[in-house]
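Listed below, chain by chain, are the residues.
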Amino acid sequence: MERGHYGDDHLAFAELARGFARKEVAPRYAEYEDAGIVPRAVFARAGELGLLGFAVPQSYGGLGVADFRFNQILIEEFMEADCAGVGLNFALHNDICTPYLLQFTTGEQRERWLPGFVAGTRIAAIGMTEPGAGSDVAGIRTAAADCGDHYLVNGAKTFITNGINADLVITAVRTSPERHRGLTLLVIESGMDGFARGRNLDKLGLHSQDTAELSFTDVRVPKANVLGEPGRGFEYLMRNLPQERMQIAVACLARARAGLRWTIEYVGGRTAFGQPIGGFQHTKFSLADVATEVAVTEAFIDKCVLELNAGRLTPADAAKAKLWASETEFRCLDRCQQLFGGYGYMREYPIARAAADARVTRVYGGTSEIMREIIGRDLKLTEL
Ligand SMILES: Cc1cc2nc3c(=O)[nH]c(=O)nc-3n(C[C@H](O)[C@H](O)[C@H](O)COP(=O)(O)OP(=O)(O)OC[C@H]3O[C@@H](n4cnc5c(N)ncnc54)[C@H](O)[C@@H]3O)c2cc1C
């Protein structure tokens, strides 16, 4: 079926992203996976090509194009080039951090942060999760004491994507004991005294991504680094989590689609009992199921992307997209991996790495259980 989702501008952007992903990133991706981090120069090169911060207004160096199809196509191209980790590093910067830096910043903050953000020389991260608070965002305990012209921040974050590379960490802190209205967003910058990086965590997949622990010990954060109004951090996070969930959903779809393509190629070439394994009825039926799931998911996710662009995507819709796409991806990749036999377990095969990378999509950005909570609440069952 014709997808009809992208126009000429999107396809031209895809070509640019494809060239960069395949010619400049893919040949060195294994090195990044071994190092557990992507060199900062890769971000700077992406910035040079116009792949970062394209939603930022032109006056700050961006293109002023807030159309999530560009974010989607960028993720798809990195997935197809088998360098998912780098695509997701960029997505964290572009898809997840951009809205905070556009919606809640003053003119002075935009001048200070956005040109470098677009250029890829100021890498962004978001720090919500703490060792004691993940799903329960309102349980955040990192404390920011009001000291007049600055806050004094003490606490720790964990599992922070881009955590080692980040120059700007959008950090959720507690400025008062009120559970929801006591959270504030501060931008904590590299080089601030008392801000330290902990371990670059050893993960099951997504090895090229630096996912780190961060610690804050008496960090003086000027009030000029508050995003929006103090006490409204929880509301801001809830406002932007639907876009974060769409980022994850489009990545899940892209990975499942890439997995299907790799598997179709593989089963055509591998033989057993004197015939290609693609000729067995079981193989055809397995891949027929995967192809169907990918096609149906694509229809829903593409529709959600257009709803997001139109400002109509509700938190429950975004939760459905993330829940469905991540659970589907997991099922599809498992079936594909099975068809590779033992080779599917070897990291040199993209399907093995994709299956390991995919394990986290049902967890980060809100677990499947939390997605069901959000969707269930929207059904207003308690009112029945
Ligand atoms: C690779 C990776 C990258 C990440 N990147 C970031 C990042 O950049 N920034 C950031 O802030 N965070 C990040 N995270 C954190 C991620 O969002 C959290 O891990 C996730 O929200 C779950 O929190 P938790 O790990 O504390 O699990 P917990 O909240 O402890 O959950 C454990 C289990 O309990 C279940 N559970 C919890 N509450 C309920 C409930 N009410 N009903 C039913 N079941 C429930 C969960 O669904 C889960 O199965 C990342 C995590 C990983 C693994």
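The coordinates are above.
Residues numbered from 1 in each chain as written. Predicted model: local features only at pLDDT ≥ 70, side-chain atom pairs only at ≥ 80, totals over all residues. Heavy atoms only, no water.

> What is the right way to look at unusual backbone geometry in this model?
Excluding glycine, residues mostly have negative phi values, and the peptide bonds linking residues are mostly trans. Phi is positive for leucine 206, which is not a glycine, with a value near 45°. Of note, leucine 206 is situated in the loop between β6 (195-200) and β7 (211-222). With phi around 50°, aspartate 218 is a residue other than glycine that occupies positive phi space. Structurally, the position occupied by aspartate 218 is in strand β7. (Helix = DSSP H or I, 4+ residues; strand = E, 2+ residues; numbered from the N terminus.)

> It is not clear to me how empty space enclosed by the protein should be interpreted in this structure. Could you clarify?
In this approach the atoms are scanned with a rolling probe the size of a water molecule, which exposes any empty space left behind. Taken as a whole and judged by the stated rule, the model has two cavities of 30 Å³ or more. In this structure, the largest cavity occupies an estimated 70 Å³ of space. Taken together, Tyr29, Glu33, Met79, Asp82, Cys83, Ala84, Arg255, Trp262, Pro350, Arg353, Ala354 and Asp357 form the lining of the largest cavity. Mapped by element, the contributors of at least two residues to the lining of the largest cavity are α2 (29-35), α7 (233-269) and α10 (350-358). Of the residues forming the lining of the largest cavity, the biggest block, four residues, is contributed by α10. Among the residues making up the lining of the largest cavity, the classes are represented as seven nonpolar, no polar and five charged. Here the second largest cavity defines a volume of roughly 30 Å³. Around the second largest cavity, the lining residues are Cys252, Leu253, Ala256, Glu293, Val294, Thr297, Ala325, Thr328 and Glu329. At the level of elements, α7, α8 (281-309) and α9 (315-339) are the ones that each hand at least two residues to the lining of the second largest cavity. Of the residues in the lining of the second largest cavity, the class split is five nonpolar, two polar and two charged. (1 Å grid on protein atoms, 1.4 Å probe; cavity = no way out; pocket = protein on both sides within 12 Å on 5 of 7 lines; lining within 4 Å. Points joined across faces, edges and corners; volume = space filled by probe spheres on them. Nonpolar A, V, L, I, M, F, W, Y, C, P; charged D, E, K, R; others polar.)

> Hey, could you run me through the site of the ligand in this one?
Looking at the ligand, there are 18 residues lining it, with Thr129, Ser135, Phe159, Thr367 and Glu369 nearest. Between the ligand and methionine 128, the relevant distance is 2.8 Å, taken from an oxygen atom to a main-chain nitrogen or oxygen of the residue. Within the side chain of threonine 129, an N or O atom sits 2.7 Å from a nitrogen atom of the ligand. Considering the ligand on its own, with 980 Å² of exposed area, one finds that the protein chains cover 64% of that surface. A majority-of-atoms criterion places the ligand in the largest pocket. (Near = heavy atom within 4 Å. Polar contact = N/O pair within 3.5 Å; in protein donor to acceptor, adjacent residues only side chain to side chain. Areas by Shrake-Rupley, 256 points an atom, 1.4 Å probe, with all protein chains shown as cover. Sits in = over half its atoms within 2 Å of the grid points.)

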